[in-house]
Amino acid sequence: MPFQQSGDIRYFTFEQLAAAGVRHAVFTRQGGVSSAPYDSLNVGSTVGDELPHVRQNLQRAFEALGRRRESMFDSWLVHGRDVQVARAPRPSDWVRPPKADIIITNQPQVTLFMRYADCVPILLFDPQRKAVALAHAGWRGTVARVGEAAAAALSQHYGSRPQDLIAAIGPCISVAKYPVGLEVVAEVQTVFGTQAAELLPSYGEATHFDLQLANQRVLEQVGLQQIETANLCTASNMADWFSHRGSGGRTGRFGALITLGA
């Protein structure tokens, strides 16, 4: 089953990654210690939650996957397509993680970790070169083709081939819950060309953007053939997921991790 339980921690896994033996998770908001509106497994330290709670939530999440929190390499998300190569866990004395919306590694001692609240988690695994990537795609990252940049980074640093990669697209805001303005529409039309129409359906008088499908199309265009989608809407399932739009902007962040380690 895609949803797993470890004590109070509930998390989502992908069948293809699990079948390949890759330890990974997209954590729901359940099983933490934070109070409303960050209840309860908030892993975002910049949203207003108490830092001791965030640290305890991170500890719980990592323990649920059998990983040490000290193995974490995370990043400061900026809605771009910059890449950080994790050759070792992030040093504990860094005040803030490095800015990047893509992190990659081929080191089993590293656990890649990112935070989300409607944006798209993208997990990549190369079973041939033994490398993984984790990416974050809001609408800006999607039109910047973050998925393409993540696949290219794996190719550049580890020799990965797109046709070998296993991709997983995690829970995010669904097209039905994501109306967008003219700026987003124009960007999508410029980047996706003839594909833009399927990505920008109309709901009444409003135009919506299909983030999940857009990121799937980006991965397909660069040659990925094994793509699994969660098909879970964060804004429609707020018992499980933090949603920036669904909450009106004041909420926590759920985490995703992937590692080559046992």
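Right above here is the structure, for reference.
My aim in this report is to walk through the structure given alongside it, one point at a time. Within every chain, residues take consecutive numbers counted from 1 along the sequence as written. The predicted nature of this model means local features are confined to residues of pLDDT at least 70 and side-chain atom pairs, given and counted, to a pLDDT of 80 or more, with totals for whole chains, interfaces and linings taken over all residues. Values shown for side chains rest on all heavy atoms present in the structure; no hydrogens or waters enter the calculation.

**Things to note about the overall build of the protein chain**
The helix count covers DSSP runs of H or I at least four residues long, the strand count covers runs of E at least two residues long, and both are numbered beginning at the N terminus. For the protein chain, the count of helices and strands is eight helices and 14 strands. Within these notes, the globule rule equals 2.2 Å times the number of residues to the 0.38 power, and the radius of gyration is based on C-alpha atoms. A compact globule built from 262 residues should have a C-alpha radius of gyration of about 18 Å, and the protein chain, at 17 Å, falls within 12% of that. For the C-alpha atoms alone, the extent of the protein chain along its principal axes is close to 45 × 45 × 35 Å. Relative to its full complement of 262 residues, the protein chain shows a buried share of 54%. Contacts in the protein chain between residues at least 24 apart in sequence constitute 63% of all its contacts with a sequence separation of at least 6. Split by element, the accessible area of the protein chain, about 11,100 Å² in all, is 46% carbon and sulfur. For the charge count, each Lys or Arg is scored as positive and each Asp or Glu as negative, with His and the chain ends excluded. Charge coordinates come from a single atom per side chain, which is NZ of Lys, CZ of Arg, CG of Asp or CD of Glu. Here the protein chain holds 24 positive side-chain charges and 23 negative ones, and the gap between their average locations is 5 Å. Think of it in three bands: residues with accessible area under 20% of the maximum for their type are buried, residues over 50% are exposed, and the middle band is partly exposed, with areas taken using a 1.4 Å probe on protein chains only. Here a residue-residue contact requires only that any non-hydrogen atoms of the pair lie within 4.5 Å. Surface accessibility in these figures is a Shrake-Rupley result with a 1.4 Å probe; residues are shielded only by whichever protein chains are displayed.

**Describing the pairing of strand β7 (residues 111-116)**
Among the six residues of β7, six are classified as buried, and the element is accordingly described as predominantly covered. Alternating residues of β7 divide into T111, F113 and R115 and L112, M114 and Y116, and every residue in both groups is buried. Note that strand β4 (residues 72-73) and β7 share two bridges and pair parallel. What sits directly across from M72, in β7, is T111. Strand direction decides the pairing type here: β7 and strand β14 (residues 254-259), joined by six bridges, are antiparallel. Within β14, the position partnered with M114 by the bridge is A256. Strand pairing requires that DSSP identify at least two bridges connecting the strands.

**Some thoughts on the pairing of strand β2 (residues 9-12)**
Residues in a regular strand point their side chains to alternate faces of the sheet. Sheet topology places strand β1 (residues 3-6) next to β2; four bridges connect them, and they run antiparallel. Across the sheet, residue S6 finds its bridge partner in β2, namely I9.

What is shown is where atoms sit, not what they do.
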